[in-house]
Each structure stands twice: as C-alpha cells, then as structure tokens.
Amino acid sequence: MTVEDYLIRLTHAPADGPTDLMRLCLFDWAAVALAGQNEPVAQILAMQAGIEGDASVIGGGETSAPDAALINGATGHALDYDDTHFDHIGHTSAVIMPALLALAEDQMIEDLGQVAKAALIGSEAAVRVGLWLGRDHYQVGFHQTATAGAIGAAVAGARLCTLSKAQTRHAIGLAATGASGLKGQFGTMGKPLNAGLAARCGVESVIWAQSGLTGDPHGVTQFGATHHGVADATAWDDEPWKIARVSHKFHACCHGLHAMLEALREVDGTVDALTVHTHPRWIGVCDKPAPKTGLEMKFSYAMTAAMALAGVDTGAITSYTDANAKAPQLLALRDKVTVQSDETLTEMQTRLDVTYADGTTTTLAHDLNTPLDMATRERRLQNKAVALLGAAAEPLWAACQGDDVAALTDIMRE
C-alpha cells in the first residue's frame, strides 16, 4: 500500500474513534492559543493579514482562510504549551485545529461535531505519516510538526470539505510540495511560524484541489524520498487510533521534564536529596544545572524539580521568571538535585531516587505513555485553562463541548 492510498482510505473511512478526545485537544489548543495572542510572533503575523475574509483571527478580526490558519497556527504554538505525540515526534493540534476552523468558517460549515471528526482523521494521518517518515527525517533536521503536520492538515481539510477521492489525492500531493519546516528554528519565532505555515499549507491545498488544481498523485511518496524519510510501511498497521496516545502538557516547560514532574507529585515529605534518572536524549536539552533566566528554567531538571518541591506551580507560565531563577529557596532545593543518564529508560520515562530529611528513601517512577483516563485528563486540562485564562476558561469549555462552530470562533475573536 502506498502512503497516498492509505491516506485516501483514511480520509473517507468512518470517524468512529475518540472524537471526545479531539474535543479536549481542541479546548487545550484554543486555551493555549488565546493565552499566546500577545506573543510577538502572533502580533507580527496579525499585522500582516490584509486580505478580507470570513475566517476568525485570535484576538480580533477576520481574514482569508489561509491567513487565519497561518496566524492562529503560529499563535497556538507560540507558548509551546500545546499537545505532543511522541510517535509523530511533534505537535498535532497546533496545525490541525487552526486549519480546520479556518476552513469551517470559509466553507460555512457550522457543525463543530464535523470539525471534531475531521480533526480525528487528520491528526491520525499526521501521526501515521510521521511514523512513515521515521526518526531519520526528524534527526537530520526536519520539524515534523510542520512536515507531517501539513499533510495531516490537508487530510483533515479534505475530510471536512468532503473532497472526492481524486480531489483528496491532489490535495495531499499539493500539501507535500508545500510542506516544510526546520528544527534549526527552535528557540526562535520561526518554530511557531512552522506550525502556522503548515496549517496554511493544508488549507490552501484543500481549497486549490476543490477548485480543480491538480498535483503529483505520488507527492507524499516523493516527499519522503527527498526528505530523508525511511518509508516505514509498519506505519499502516491495524492499530485503530494511534492519536489516542496524544500527550497533553500540564507543565509550562520542555516536555522532557514532564515525566519527572509527574513522578514528583508522589513525593511525601521534605526532600534532602533527589537523583533524577532520564533517557540520554534529554541530557543535552533539559539539563541546565544553574539557569539564570525564566526561559532557561524551562529546560532545567534541577530548577523545575526545585519548583515542584517548593510548591511553585510548574503549570503556570508566570512561574518561569528571572526572579524565580534567583530565589534563594529555589536555589537551595536546586542544589539537592542530581541528574543521571540512563539508557535503560525510554524517552518517556523517568526514575527518581528520593532521600527524605528523616533519612528514609524511596524510588518513584513515571511513564508519559501511561494512559490517562478521560475524567482525569479533562479535569487537568480544565485546571490548566483556568491558570491560563481565568474565568474565560469556562465559556471556552462550553463552546468546545457544543455543536456550533460560531460559538467557539466568537470567543477566539474577543
């Protein structure tokens, strides 16, 4: 089976999977996007939108569907606090959700339930294409949020706009020729821009194919061959919904720290020493032993552990400040933390050796791949949204659980 054949079959298959999870992803993305609307990348892109249209821009105004997807995609990823899928090695909702909402408004699709079904199909496509491309594609320097994400956005849009199979094939072929994004942009405004560009690519590809524009029917195959893809056919296995393993961020810092922070929730007493065991991949990313700024704190095992032990909310963006990087209480706790590389752990796992002040010891562990039941995930995402938006989180939740696209887009424009 070719990648194109799989994607066309998926686009036109019944969306009988976890659409309730997709609504949670939509809610989480929207909350993070609304919280990020004043970030520089969001403001700069919003100022450039000059074409009138019917698609909402987060923070106010309307523009064309492609421009709305671009702006809202970048805005939703500006805080880097949106969901992640570790099979895909990227952020699915950051691309899929803004693309779908822009198309829904552009095409006058009012049913949010249809958006949720299309999000399920498109997110699954992004994950499967990410697996098909493989680690080589990511390791050589491509940003899969943007590359596989653009193709997933095209699939999602094709589903929402009920493109024919022939139109779908052209849409994904056109998305493949426009897909791009480099990991070298990490640490700059170019990283969230990658997500916005992918969302716009998906929207444009769908609109073009719908209008009769044709593209290479083997475009995705060619993309993989020219972008260090390994063409791993096991990506098309019979597992029903790989997107069900999507991981939401409950801490406003690098995802490499999250397994540790989840394990620290089980600490019961005053800690005298803490050893963090983690996969070697994260040592070069998250092991800043003495961060000097709030931004550097987001990449520090020692400091985020200190925050958690001190009761500082690691889920609040406002906790990562230059002042907290110098706070004596946190510095004292930071110096009790040791980090060790452990190749026996997966990238999603951690093990903690804890010594309490009374001399007792314990070992704690967490695996981010451990499924969260829906009730727990829902509660924690609602708490996260309240931390980001305050009282505005409640009407946003109601809109994402409802049936009306306009109820959600009205909130986005406020």
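First, a word on what this report is: a plain description of the structure on this page. (Residues numbered from 1 in each chain as written. Predicted model: local features only at pLDDT ≥ 70, side-chain atom pairs only at ≥ 80, totals over all residues. Heavy atoms only, no water.)

It is worth spelling out the overall build of the protein at this point. Scanning the protein from terminus to terminus reveals 19 helices and six strands. For the protein, the C-alpha radius of gyration of 21 Å lies close to 22 Å, the compact-globule estimate for 414 residues. Considered along the principal axes of its C-alpha atoms, the protein spans approximately 70 × 45 × 35 Å. Within the protein, contacts between residues separated by at least 24 positions form 78% of all contacts whose residues are at least 6 apart in sequence. Just so you have it, the protein exposes about 16,100 Å², and 51% of that area is on carbon and sulfur atoms. Of note, the protein has its 28 positive side-chain charges centred 4 Å away from the centre of its 48 negative side-chain charges. (Helix = DSSP H or I, 4+ residues; strand = E, 2+ residues; numbered from the N terminus. Rg over C-alpha atoms; globule rule 2.2 N^0.38 Å. Contact = heavy atoms within 4.5 Å. Areas by Shrake-Rupley, 256 points an atom, 1.4 Å probe, with all protein chains shown as cover. Lys, Arg positive; Asp, Glu negative; His and termini not counted. Charge placed at Lys NZ, Arg CZ, Asp CG, Glu CD.)

The next subject is the packing of aromatic side chains. The full count for this structure, using the stated rule, is three aromatic pairs. Ring geometry for Tyr6 and Trp236: centres 4.5 Å apart, planes at 20 degrees, overall stacked. With Tyr6 in helix H1 (residues 3-11) and Trp236 in the loop between helix H10 (219-226) and helix H11 (258-264), this pair connects stretches of sequence that are 230 residues apart. Residue Tyr6 is classed as buried on the basis of its relative accessible area of 5%. A centroid spacing of 5.0 Å and a plane angle of 85 degrees characterise the contact between Phe27 and Trp397, whose relative ring orientation is edge-to-face. Residue Phe27 is found in helix H2 (residues 19-35), and its partner Trp397 is found in helix H18 (residues 393-401); the two are separated by 370 residues along the sequence. By relative accessible area, Phe27 is classed as buried at 1%. Given a relative accessible area of 17%, Trp397 falls into the buried group. Taking NZ or CZ as reference, Arg281 lies 4.5 Å from the ring centre of Trp282, over its face. Directly above the aromatic system of Tyr320 lies the positively charged group of Lys298, at a separation of 5.7 Å from the ring centroid. (Phe/Tyr/Trp six-rings, centres within 6.5 Å; stacked < 30°, edge-to-face > 60°. Buried < 20%, exposed > 50% of the residue type's maximum accessible area, 1.4 Å probe, protein only. Lys NZ or Arg CZ within 6 Å of the ring centre and 35° of its normal.)

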